[in-house]
Structures are given as structure tokens and as C-alpha cells.
Amino acid sequence: MKGTDFIESLLAKPYWLIDVLPKQVPAGSAGQYFKAERYFLSWLDEISWKFARVLIRLNCYYDIQVSTDGETWILNESPEDQARRFEESATAHSPLSILIGSDAALITFSGDDHYMALYNPDEELLKLVRQCAQAEGLFVWGPKQP
């Protein structure tokens, strides 16, 4: 059974962000990142709908399992339920864990960020995630990996 240890093992894998920004903002940037971040978070409901639509698109190609606690998983929810779950997560600032395909890849959404993290995707999944994110005006970028 998939549990928190299983999720922890995926969280140690390489990751990419699905974000409203096209790349990492450098430390000490001359811009106003923190003001922009507050602005983005003020429309988190809209961003969470974009995330839900990315996932709904992915679910056309892969099985999707969603968990709010890392222990109980729901397989292939209806698109309406997936969208509602993201909306509830953003409202309650509660995390979601999403397994994609054969459980080798994981997406996490903290419920209160303007990005989702994608862990351990293969090249095919990463390419599809980029296309689905682009359709929603989102970006996929990878921070420097250890």
C-alpha cells in the first residue's frame, strides 16, 4: 500500500515546478518578487483551476491518483471532482499529492502556493506536462538539481 514512506521516496527524486513564473527568481533580484507573489496568491482560486485543468488533461493519457493524507488514494476522479478538490485545497490551504501513471511520478500542491512540484517524471510525461501547462498560461521549469 502506498503510504507516507512511498511519497517521501518520490520527494527525494529530481523535480520541476509548474508555475506562473517562467524561471526561478534569483536571490537579490532587482525586481519586486515578494509583491508579485502576494498578488499571485490573491488569485490562488484562479491558479488552482488552471492546475486542475492541467491534471484533467493529463488524466486523458495517464491514470491519476489523488490523496489529501498520503494514505488514502482516489483513482481517476471525474473532472468535476478533480477541479473541486483543487478549489478546496486552495481555500483550506491543504496539500494534495497526485500520483501519475504507474506511480513513478508525483505532483504536489501545497494548497497555498502559486506552483505545483512535479517529481520524477520521465521525458514523455515531462513533455506532456509542459504542453498542458502551456495551454493554461503556466510554465514548467527545473531548479538546479543536486
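Residues numbered from 1 in each chain as written. Predicted model: local features only at pLDDT ≥ 70, side-chain atom pairs only at ≥ 80, totals over all residues. Heavy atoms only, no water.

**A short note on the pairing of strand S2 (residues 64–67)**
Right, on to step 1. Of the two faces of S2, the one holding Ile64 and Val66 and the one holding Gln65 and Ser67 are both buried throughout.
Right, on to step 2. Bridging between S2 and strand S4 (residues 96–100) involves four bridges; their strand directions are antiparallel. By the bridge assignment for S4, serine 67 is matched with serine 97.
Right, on to step 3. Where S2 hands over to strand S3 (residues 74–75), the hairpin turn is made up of six residues, of which glycine 70 adopts a positive phi near 80 degrees. (Buried < 20%, exposed > 50% of the residue type's maximum accessible area, 1.4 Å probe, protein only. Helix = DSSP H or I, 4+ residues; strand = E, 2+ residues; numbered from the N terminus. Pairing = 2+ DSSP bridges.)

**Side note on the pattern of salt bridges**
Right, on to step 1. With the rule as written, the count across this model stands at five salt bridges.
Right, on to step 2. A salt bridge links glutamate 136 to arginine 53, with the shortest nitrogen-to-oxygen separation between them at 2.9 Å. In this pair, glutamate 136 sits in the loop between helix H5 (123–135) and strand S7 (139–141) while arginine 53 sits in helix H3 (residues 44–58), placing the two residues 83 residues apart along the sequence.
Right, on to step 3. For glutamate 136, a relative accessible area of 7% corresponds to the buried category.
Right, on to step 4. Look at the salt bridges and you will find they share partners, linking Arg53, Arg57 and Glu136 into a network. (Salt bridge = Lys/Arg side-chain N within 4 Å of Asp/Glu carboxyl O.)

**Concerning the environment of tryptophan 141**
Right, on to step 1. Secondary-structure assignment places tryptophan 141 in strand S7.
Right, on to step 2. Sequence separation between tryptophan 141 and arginine 53 is 88 residues; the distance between their C-alpha atoms is 18 Å.
Right, on to step 3. With residues near it in sequence (within four places) discarded, tryptophan 141 still touches Trp16, Leu17, Asp19, Leu21, Pro22, Lys23 and Gln24.
Right, on to step 4. There is a polar contact of 3.3 Å between the side chain of tryptophan 141 and the side chain of aspartate 19.
Right, on to step 5. One polar contact links the side chain of tryptophan 141 to the main-chain carbonyl oxygen of leucine 21, over a distance of 3.1 Å. (Contact = heavy atoms within 4.5 Å. Polar contact = N/O pair within 3.5 Å; in protein donor to acceptor, adjacent residues only side chain to side chain.)

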